[in-house]
Amino acid sequence: MAAQTTTKEQFISFASHTAEEVSEKQQRVEIDDSVTSPVVLYFLTGIGWLVFGSVAGLIAAVKFNLPDWLGGTPFLTFGRIRPVHLNAVVYGWASLAGAGMIVWMTSRLCRAKIEKTWALYVSAVLWNIGVAFGIVSLFFGYNQGMEWLEFPKPAGGLIALGFLFFAYSIAQTFRKRQVEHVYVSLWYILASLIWFPLLYVVANLGIYHGVTEAAMNWWFGHNVLTVWFTPIGLAGAYYFIPKVIGRPIYSYYLGLLGFWAFALFYNWNGIHHLVGGPLPTWMVTVSIVASVMMFVPVMAVAVNHHLTTIGHFRMLKFSPTLRFVVFGSMSYTAVSFQGSIESLRSFSEVAHFTHYTIGHAHLGVYGFVSMILFGAIYYIMPRIAKWEWPYPKLIKLHFWMSAVGIALYVVALSMGGWIQGTMMNDPSLPFIASVNATKPYLWVRSLGGTMMLLGHLAFAYQFLLIIYRSGPTRYVPAWFELRQTTEENRPV
Amino acid sequence: MSLPVAVIIIISIIVVAGALALAAFVWAVRTKQFSIKQLNEGAKVIFDDEEPIGTPQDLIFKESTNGSPNHH
Amino acid sequence: MMFIRSFIFFLGVLVTLLLGWAGLVGIPNIMISEIQPPKGLERYTYEQSYGRSIYIREGCLYCHSQQVRPVGFGADQERFWGRPSVPADYVYDKPHLLGTMRTGPDLFNIGARQPSEDWHLIHLYNPRIVSRGSVMPPFPWLFEEKISAAPDDKVIILPDSIAPRGKVVVATREGRALTTYLIGMNHTYSVSQVPARNDTTKKK
């Protein structure tokens, strides 16, 4: 059976009623068309890094329980495969998928075709080469020696340059916007365009040493979340939750307060990674205070996202995007509250230096950011590929593997890490006791990681199907079912 | 630089920045005559005539369970 | 009007980032750069620097910290890991290797706790030989097998179950340098700087 493709005309004719509606739909179709190639490029390469990074992460995880496994080769030693995992999923998957989401969303929210598409291609190429070069370097042991800043300077330079080309295109598109109001998601996006290059350059100046370098390291490390990943996640949640449900954000002006409180407080969090460390006490205290103050913007976001969703939970049954994005926004609230508590000295005394912090990090970058990115891709792809996701069952598989996987992961490492820390702080126990106690929890963590990897494989497979327009044909894109309103799917 | 000096500098920066922020906020309110209602209008820009408020989109799972053509 | 709004947004975004940097990095940098290196702390020797680069290459920082916590905060003092570390201890460290994980113990004073070159070499060859239950990776590539050792080779004695038949296991230059670095990790000299107060309210 030959796969039929829905042409643009067929696509439009399903929806058109009046000439006015045709032109608005036409406009949206043209906007989507203008971003198709660069967005697919970002998503495709991002998903490639996701699969690669998940495998690397799983290898690292299993080595905790089986340290001699693959132990004869330096390329796979834990100390190299671990930064390979981190950098692949952070600068590869999350950054590239986030960039793709930003391109599509900016174009839609500005109601303007994307500008300077060539710059996006250049960006994607430079970025991917930079990440690849950095990953290969890490395998060979070239490591700058600081977490989140491991890539050698040439790799980092390529990534930064790629980012500038990307920012150029987004900024030019924004200048050509046809809208009066700049939607909240765009605030986060535009802020990240200003913040991230500055952050990266300042961190790589090389003028630091000693404990100030440590302070810079963690100002940077935490700020990658502050200025790049959290804005990506929040931009996604602020758009997709109301859009899919069909209700505006609950309290939009609260979002304004939330944005500036976020910008102000989150930038000062970095030193909570060094509680108990050899730094002036006031620095640590300032970061703890800022971490606790994050309750303010996080509550603003929580009110907006959760109160918009309340009463519409049954939509989660029908919309994969909503499932992923709501999971992500709930994870944001959870990981932020957890982080505020975790920064307090009495908590940090136990949890610092343990697996607990790893669980927290994954709840943030995976449970929050990555789940929202999955939701975004599930929404965006049919609209630009002009093809529906062929196998909803694979989407369900992806969701449950990821959701259960990350839940197991975070619970296991939180419990195991807390026990580890408690035993570490008990001088009557030998240090090795704290290591032995974590071993069962580390197995569960590997189980969670395996599930996530399986989900990603299902996701990657179906992503390839949709860009090649394979799989079962759909005459009617899923969302046009709305046109035939029945008792069951009547809008709420 | 000693600790008290550093603390004074940082607190001064924060106070000045806070004052600037407050000034910016006051200016914004004055020149644009913000009302909460007006501010909330921004939430509606993501909708349009094709995809209006009140209509949920994205019913992929629904589509797969009813009898539409060529689903599997 | 639009320009002013854009300008305020741009300024606000810029300022929030730079303020954070100034407070957490810029000002501390000025304060800490005035610190003099302690008398007991020497610069790294060539071998130690080389060993330090191996430490970074193999990713040791992902499981080991190099910061001793003060009295009343954790059990670092009760475990005799050394006096609490202070900023002055790190003036020669570039990059810093403070670490954020203790899958393995803190190494800031490992040279004082475990000065035996043989122990470190065997431990690096395969940690489980000397440390049951350890999850540390083995580093066999820091060693080579030879038919017979040269006069200035460092031979390591392995248990019969692991030792290769008819060959000797000899540490490479890299393995010895890493060990030299680790044995040099000794910050037990005294300092005049007061360590940070991080104790919680409970007394020990």
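Here is a short report on the structure shown in this document. Since we're looking at a predicted model, the values are computed, not measured. (Residues numbered from 1 in each chain as written. Chains lettered and ligands numbered in written order. Predicted model: local features only at pLDDT ≥ 70, side-chain atom pairs only at ≥ 80, totals over all residues. Heavy atoms only, no water.)

All names here are of chain C. Strand order across the open sheet formed by three strands is S1-S3-S2, with antiparallel pairing between neighbours. Edge positions in the open sheet fall to strand S1 (143-146) and strand S2 (155-156), since each of these has one partner strand only. One ladder, built from four bridges, connects S1 with strand S3 (residues 168-171); its direction is antiparallel. Paired with Phe143 across the strands is Ala171, a residue of S3. (Pairing = 2+ DSSP bridges. Helix = DSSP H or I, 4+ residues; strand = E, 2+ residues; numbered from the N terminus.)

A cluster of nonpolar residues, Phe3, Ile4, Phe7, Leu11 and Val15 of chain C, forms a patch on the protein surface that exposes about 470 Å² of accessible area. For Ile4 of chain C, the location among the structural elements is in helix H1 (residues 2-32). (Patch = residues over 30% accessible without salt bridge, like charges linked within 9 Å, V, L, I, M, F, W, Y side chains within 5 Å. Areas by Shrake-Rupley, 256 points an atom, 1.4 Å probe, with all protein chains shown as cover. Salt bridge = Lys/Arg side-chain N within 4 Å of Asp/Glu carboxyl O.)

With that settled, the discussion passes to helix H2 (residues 46-57) of chain C. Residues spaced three or four apart along an α-helix point in a common direction, a consequence of the helix completing one turn every 3.6 residues. When the terminal C-alpha atoms of H2 of chain C are compared, their 17 Å separation across 12 residues agrees well with the 16 Å that a helix rising 1.5 Å per residue should span. Taken as a whole, H2 of chain C has its buried residues at Gln48, Gly51, Arg52, Ile54, Tyr55, Ile56 and Arg57 of chain C. The elements touched by buried residues of H2 of chain C are helix H3 (78-110) of chain A together with helix H5 (173-183) of chain C. Once H2 of chain C ends, the next one or two residues include Gly59 of chain C, with phi positive near 70 degrees. (Expected span 1.5 Å × (residues − 1). Buried < 20%, exposed > 50% of the residue type's maximum accessible area, 1.4 Å probe, protein only. Contact = heavy atoms within 4.5 Å.)

Residues and elements named next belong to chain C. What the rule picks out here adds up to 19 salt bridges over all chains. The residue Glu47 makes a salt bridge to Arg173 at a minimum N-O spacing of 2.5 Å. Placement of the pair is Glu47 in helix H2 and Arg173 in helix H5, with a sequence separation of 126 residues. Note that Lys167 is salt-bridged to Glu145, the shortest N-O span being 3.8 Å. You can see Lys167 sitting in the loop between S2 and S3 and its partner Glu145 sitting in strand S1, a full 22 residues away along the chain. The partly exposed category is assigned to Lys167, whose relative accessible area is 40%.

A few words on the state of the cysteines. Residue and element names in this part refer to chain C. All told, the structure shown has zero disulfides over all chains when counted by the stated rule. Left unpaired, Cys60 is separated from the closest cysteine sulfur, that of Cys63, by 8.5 Å. Owing to a relative accessible area of 15%, Cys60 belongs among the buried residues under this scheme. (Disulfide = S-S within 2.5 Å.)

We now examine unusual backbone geometry. Omega for the peptide link from Lys94 of chain C to Pro95 of chain C comes to 0 degrees, which places this bond in the cis form. Mapping Pro95 of chain C onto the fold places it in the loop between H2 and helix H3 (110-113). Positive phi, normally seen in glycine, also occurs at Lys116 of chain A, with a value near 55 degrees. Note that Lys116 of chain A resides in the loop between H3 and helix H4 (117-139). The exposure class of Lys116 of chain A is partly exposed, given its relative accessible area of 28%. Phi at Trp148 of chain A takes a positive value of approximately 75 degrees, unusual for a residue other than glycine. In this fold, Trp148 of chain A is placed in the loop between H4 and helix H5 (153-175).

Contact with chain A, which involves 91 residues of that partner, is made by 75 residues of chain C. For the chain A face of the interface with chain C, the top three residues by lost area are Pro278, Glu349 and Phe353 of chain A, together amounting to 11%. At the junction of chain A and chain C, the tally comes to three salt bridges. Glu58 of chain C serves as the salt-bridge partner of Arg80 of chain A, at 3.0 Å between the closest nitrogen and oxygen. On the surface where chain A and chain C come into contact, there are 24 residue pairs in polar contact (both at pLDDT 80 or more). At 12 residues, helix H7 (residues 210-245) of chain A tops the list of elements feeding residues into the side of chain A that touches chain C. When the residues that make up the side of chain A that touches chain C are grouped by side-chain class, the tally is 47 nonpolar, 32 polar and 12 charged. (Buried area = accessible area lost by both parts, 1.4 Å probe. Polar contact = N/O pair within 3.5 Å; in protein donor to acceptor, adjacent residues only side chain to side chain. Nonpolar A, V, L, I, M, F, W, Y, C, P; charged D, E, K, R; others polar.)

Judged by nonpolar contacts, the single largest core of 210 residues is most densely connected at Trp93, Phe166 and Phe220 of chain A. It is H7 of chain A that contributes the most residues to this core, 22 residues altogether. (Core = buried A, V, L, I, M, F, W, Y, C linked by side-chain atoms within 4.5 Å.)

What follows covers the packing of helix H9 (residues 281-293) of chain A against H1 of chain C. Between H9 of chain A and H1 of chain C, the least distance of the axes is 11 Å, while the angle of their chain directions is 175 degrees. Compared by their axis directions, H9 of chain A and H1 of chain C come out roughly antiparallel. The residues of H1 of chain C that touch H9 of chain A, namely those facing Trp282, Met283, Val286 and Ser287 of chain A, are Gly23, Leu24, Pro28 and Met31 of chain C. Among the residues making up the contact of H9 of chain A with H1 of chain C, the classes are represented as six nonpolar, two polar and no charged. (Axes fitted to C-alpha atoms, helices over the stretch in contact; angles between N-to-C directions. Parallel < 35°, antiparallel > 145°, perpendicular 65-115°, else oblique.)

Now for the interface of chain B and chain C. Chain B puts 12 residues into the contact, and the matching count from chain C is 10 residues. For the chain B and chain C pair, buried surface summed over both sides reaches about 920 Å², with 85% attributable to carbon and sulfur atoms. Run the count over chain B and chain C and you get zero salt bridges. For the pair chain B and chain C, the interface holds zero residue pairs in polar contact (both at pLDDT 80 or more).

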